[in-house]
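# Examining the three-dimensional arrangement
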Amino acid sequence: MSRSSLFGSPLFLGFDHLEQMLDRVAKNSDGYPPYNIEQTGDNRLRITLAVAGFSMDDLQLTQEDNQLVVRGKQKDDAEGRIFLHRGIAARQFQRAFVLAEGIDVEGAWLDNGLLHIDLKRPQPEVRVKSIRIAMRGGQGGRPLVHGSAADEEPVS
């Protein structure tokens, strides 16, 4: 039995990678640490994660292909201590954000238990390409390849 797909329509060709990204995001919905995403300018975003108790040495920020991955691992310094109540646990986490093509990480800083990550979204480039339709006698609808009309420069 095949599962229902958001991109299951035959009109969506080549969008398999988007469905895989959505699956990865769904698996990463643990909720810890909490975060905000805000727009700080026309083409700028900021991700802020609440990482109280984590030092800069406990945090790692990497960009893996189109994913921004934040990992935190605290050292458990509870050895030799007796807790009557322990509500603040040394907990590790991994939070991943899927980035659109071309988004750049401009920088990150830790301030008062909040990790801020600034992103810049480039202006989309409008691309228009004209493709000449060639007439071929007796060939039906076979596409032209190698040196065909599709290889020519776009028409202005």
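Notes on the structure in this doc start here. Just so it is clear, the structure is predicted and the values come from calculations on it, not from any experiment. Every residue gets a number counted from 1 within its own chain, in the order that chain's sequence is written. Per-residue local features of the predicted model are confined to residues with pLDDT of at least 70, and side-chain atom pairs are confined, for both listing and counting, to 80 or more; whole-chain, interface and lining totals are unaffected and use all residues. Side-chain descriptors were evaluated using all non-hydrogen atoms of the structure, hydrogens and water having been removed beforehand.

Turning our attention to the environment of glycine 107. Helix and strand labels come from DSSP, where a helix needs a run of H or I of at least four residues and a strand needs a run of E of at least two; each type is numbered from the N terminus. Residue placement: glycine 107 occurs in strand β6 (residues 104-111). Judged by its relative accessible area of 26%, glycine 107 falls in the partly exposed class. In this structure glycine 107 touches His116, Ile117 and Asp118, once residues within four positions along its chain are discounted. Buried means the residue's accessible area, taken with a 1.4 Å probe over protein chains only, is under 20% of the maximum for its type, while exposed means over 50%, and partly exposed covers the values in between. Pairs of residues are marked as contacts when any of their non-hydrogen atoms sit within 4.5 Å.

Glancing now at the sheet that holds strand β5 (residues 93-98). With antiparallel pairing, the three strands of this open sheet are ordered in space as β3-β4-β5. Of all strands in the sheet, those bounded by a partner on one side alone are β3 (59-64) and β5. Sheet twist, expressed as the mean angle between neighbouring strand axes with direction ignored, is 15°. For two strands to count as paired, DSSP must find a minimum of two bridges between them. When β3 meets strand β4 (residues 67-72), the two strands line up antiparallel, connected through six bridges. Bridge pairing in β4 places leucine 61 opposite valine 70. Here an angle of 0 to 180 degrees is reported between the N-to-C directions of two axes, which are lines fitted to C-alpha atoms, with helices fitted over the stretch in contact.

Turning next to the packing of aromatic side chains. Stacked, tilted and edge-to-face are the three classes applied to pairs of Phe, Tyr and Trp rings, where Trp contributes its six-membered ring and a pair requires centres within 6.5 Å; stacked means planes under 30 degrees apart, edge-to-face means over 60, and tilted covers the rest. Within this structure, the stated rule accounts for three aromatic pairs. Judged by centre distance (5.9 Å) and plane angle (85°), the ring pair of tyrosine 32 and phenylalanine 93 falls under edge-to-face. One end of the pair, tyrosine 32, is in the loop between α1 (16-27) and β1 (35-41); the other, phenylalanine 93, is in strand β5, and 61 residues separate them in sequence. The interplanar angle of 85° and the centroid separation of 5.1 Å between the aromatic rings of tyrosine 35 and phenylalanine 97 together place this pair among those described as edge-to-face. Taken as a pair, tyrosine 35 in strand β1 and phenylalanine 97 in strand β5 lie far apart in primary sequence, 62 residues in all. You can call phenylalanine 97 buried: its relative accessible area is 8%. Aromatic ring contacts, followed pair by pair, group Tyr32, Phe54 and Phe93 into a single cluster. The ring of phenylalanine 83 carries the charged tip of arginine 86 above its face, separated from the ring centre by 4.8 Å. Whether a charge sits over a ring depends on NZ of Lys or CZ of Arg being within 6 Å of the ring centre and within 35 degrees of the ring normal. Here the guanidinium or amino end of arginine 91 rests over the ring plane of tyrosine 32, the centre of that ring lying 4.0 Å away.

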